[in-house]
Amino acid sequence: MKQYLLAVHMVEGTPMPEPDVMQKMYDQVDRINQEIKAAGAWVFAGGLKPADTATVVRSEGGSTTMTDGPFAETKEQLGGFWVLQCADLDEALAWAARCSAACEGPVEVRPFEDEPA
Amino acid sequence: MDLDGVYRAEYGRCVATLVRLLGDINLAEEAVQDAFAVALEKWDSLPPNPGAWIVTTARNRAIDRLRRESTREARHAQALLLHQPDEPEEVGPVRDDQLRLIFTCCHPALSPDARTALTLRLLAGLEVPEIARAYLVPEPTIAQRIVRAKKKIRDAGIPYRVPAAEELPDRLAPVLTVLYLMFNEGYAATAGPLIRTDLCAEAIRLARELAALMPDEPEVLGLLALLLLTEARRPARLGRDGELVLLPAQDRSLWNRALIAEGHALVRRCLRRNRPGPYQIQAAINAVHTDGDATDWSQVLVLYDQLQVVLPTPIVALNRAVAVAEVHGPALALAALEGVDLPGYHLLPATRADFLVRLGRDAEAAAAYDEAIALAGNETERAFLTARRAALGT
């Protein structure tokens, strides 16, 4: 089994959907989460607060600095993710297709590094 | 058959089998190359089943190689290999392995460029410089594409399998494209001599296997028919001195009747399903070319009109213009080329030159031939265009 990150990205500055639209999405995501759990592919998942809540910590040469805001200077920021356990990429892509429909946005699939020997 | 012949015929099959046994493309390739090196030393004459000999030797070499390594994966792979029962595949590589590998190489998670390069490397046994030359791309670019694709297959866990029926529509298209490109490269090589028969044969063989696996997919049958009907005309494509002979001037008695009969039967079979896709329509066009003593160009033009709807590419527009010239004359054909843009493709100026000659506009035709000659990478085609240019006397 391999583990895959299914990442959902938010584009900064996109207006928040209406509450009823948000509720519909939450329900859809909830349903797919139940299915992932029932199929035994669930490892972990979560939605993130917006990127402006992020802080970057750097510890170099004995001193630690902190900066406000996300690390990557881009409008597209990680908004949430699933970590799934799948037999192969095809299985992960099949879940990604359904997750994308549920959260109504593109889903990026990336394999985790294998566990060290 | 010599060792080179065995290599061309068996390389892809052996690599595909070894990939299944080892689960690792690089290791499979190394093992097969090792086995061919051993064959070079040991074979006085060909063994009864060279492919099986290579597979068995490659498998043993792979076990040796894994024994020398001490990583966990190597031990794991070795255990798998040693405990794999001697399946019937050992007698001769099974065709399913190759389909599995084609679908792996053509996975939609890989870039289209990488798919072609990887398939030509692993299944057709082409070397990196050959692939680079075929696509007019620097060698390091091709090498890098292949390395990246293999790495993604391994790291992302792209499976070695033929996809399930419901996934086929998405997964089949790139596979058909790759086989089509492989054949085209063999039929009119981008550089060097015009025809590479081994590449054409390999593409046809793989298309046959695909058709056997998916007899209900009309586009698969369409592609196979297209390749067979094109291949059938090959014996007439070069004249006595190796010069290019265009379709209208070809000696039809040299065409391969058996391939034509098979191709026509396939075209009829898929047209009955009435789901015409690009390959079926192109096959139908070639069926018209190979039907009777002369091409019925009005029928060809109708088919090109249909093709243009499902496949609105500049190449189709160019080929359609050739049919327009035959049916409605060169003036309308020249107008049909307006706005067709194919940068770097010699057949566009070559076709325009032909229309201009027919219209008696020799000076413009000469300029178009010059443009085509400068772009043609293939010696045979360049010689053909140069002769046409010289015949103008301008």
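Before reading on, note that the structure itself is shown above.
Residues numbered from 1 in each chain as written. Chains lettered and ligands numbered in written order. Predicted model: local features only at pLDDT ≥ 70, side-chain atom pairs only at ≥ 80, totals over all residues. Heavy atoms only, no water.

## Quick notes on the overall build of chain A
Argument step 1. When helices and strands are counted, chain A shows 2 helices and 6 strands.
Argument step 2. In chain A, the succession of α and β elements from N to C terminus is β-α-β-β-β-β-α-β.
Argument step 3. Overall, chain A is about 50 × 45 × 20 Å in size when its C-alpha atoms are taken along their principal axes.
Argument step 4. Excluding contacts between residues fewer than 6 apart, the proportion of contacts in chain A whose partners are at least 24 apart in sequence is 75%. (Helix = DSSP H or I, 4+ residues; strand = E, 2+ residues; numbered from the N terminus. Contact = heavy atoms within 4.5 Å.)

## What about the pattern of salt bridges?
All names here are of chain B.
Argument step 1. Taken as a whole and assessed by the stated rule, the structure comprises 28 salt bridges over all chains.
Argument step 2. In this structure, D97 engages R100 in a salt bridge whose closest nitrogen and oxygen atoms are separated by 3.2 Å. A residue pair is termed a helical-turn pair when its members lie 3 or 4 positions apart in one helix, as D97 and R100 do in helix α5 (residues 95–105) at 3 residues.
Argument step 3. The closest approach of N and O atoms between R234 and E231, which form a salt bridge, is 2.9 Å.
Argument step 4. Salt bridges sharing common partners tie together E326, D354, R358 and R388. (Salt bridge = Lys/Arg side-chain N within 4 Å of Asp/Glu carboxyl O.)

## Observations concerning the pairing of strand β4 (residues 63–68) of chain A
Residue and element names in this part refer to chain A.
Argument step 1. The pairing of strand β3 (residues 55–60) with β4 spans 6 bridges and is antiparallel. The partner of S59 across the bridge, within β4, is T64.
Argument step 2. The hairpin formed by β3 and β4 contains 2 residues between the paired strands, and G61 there has a positive phi angle of roughly 55°. (Pairing = 2+ DSSP bridges.)

## Details of the interface of chain A and chain B
By a widely used convention, the size of an interface equals the accessible area lost when the partners come together.
Argument step 1. Opposite the 9 residues of chain A that make contact, chain B presents 11 residues.
Argument step 2. Taking both partners together, chain A and chain B bury about 760 Å²; carbon and sulfur atoms supply 54% of that area.
Argument step 3. The tally of links from chain A across to chain B stands at 2 salt bridges.
Argument step 4. In this structure, the salt-bridge partner of A:D90 is B:R161, at a minimum N-O distance of 2.8 Å.
Argument step 5. Viewed at the interface, chain B and chain A are joined by 6 residue pairs in polar contact (both at pLDDT 80 or more).
Argument step 6. Contributions of two or more residues to the side of chain A that touches chain B are made by β1 (2–11) and α2 (89–103) of chain A. (Buried area = accessible area lost by both parts, 1.4 Å probe. Polar contact = N/O pair within 3.5 Å; in protein donor to acceptor, adjacent residues only side chain to side chain.)

## Observations concerning the sheet that holds strand β6 (residues 107–111) of chain A
Each strand in a sheet pairs with another by means of backbone hydrogen bonds, the pair being arranged parallel or else antiparallel.
Argument step 1. As summarised here, the arrangement of the 4 strands in space is β2-β5-β1-β6 (chain A), forming an open sheet in which the pairing is antiparallel. Whereas interior strands pair on both sides, the edge strands pair on one side only; in this sheet they are β2 (42–47) and β6 of chain A. Along the sheet, successive strands turn relative to each other by an average axial angle of 20°, direction set aside.
Argument step 2. Sheet topology places β1(A) next to strand β5 (residues 76–86) of chain A; 10 bridges connect them, and they run antiparallel. Along β5(A), the bridge assignment pairs A:L6 with A:W82.
Argument step 3. The strands touched by helix α1 (residues 19–38) of chain A within the sheet are β2 and β5 of chain A, with β5(A) carrying the most contacts at an inclination of about 25°.
Argument step 4. Against the sheet, helix α8 (residues 139–156) of chain B contacts β1 and β6 of chain A, and its axis sits at roughly 105° relative to β1(A). (Axes fitted to C-alpha atoms, helices over the stretch in contact; angles between N-to-C directions.)

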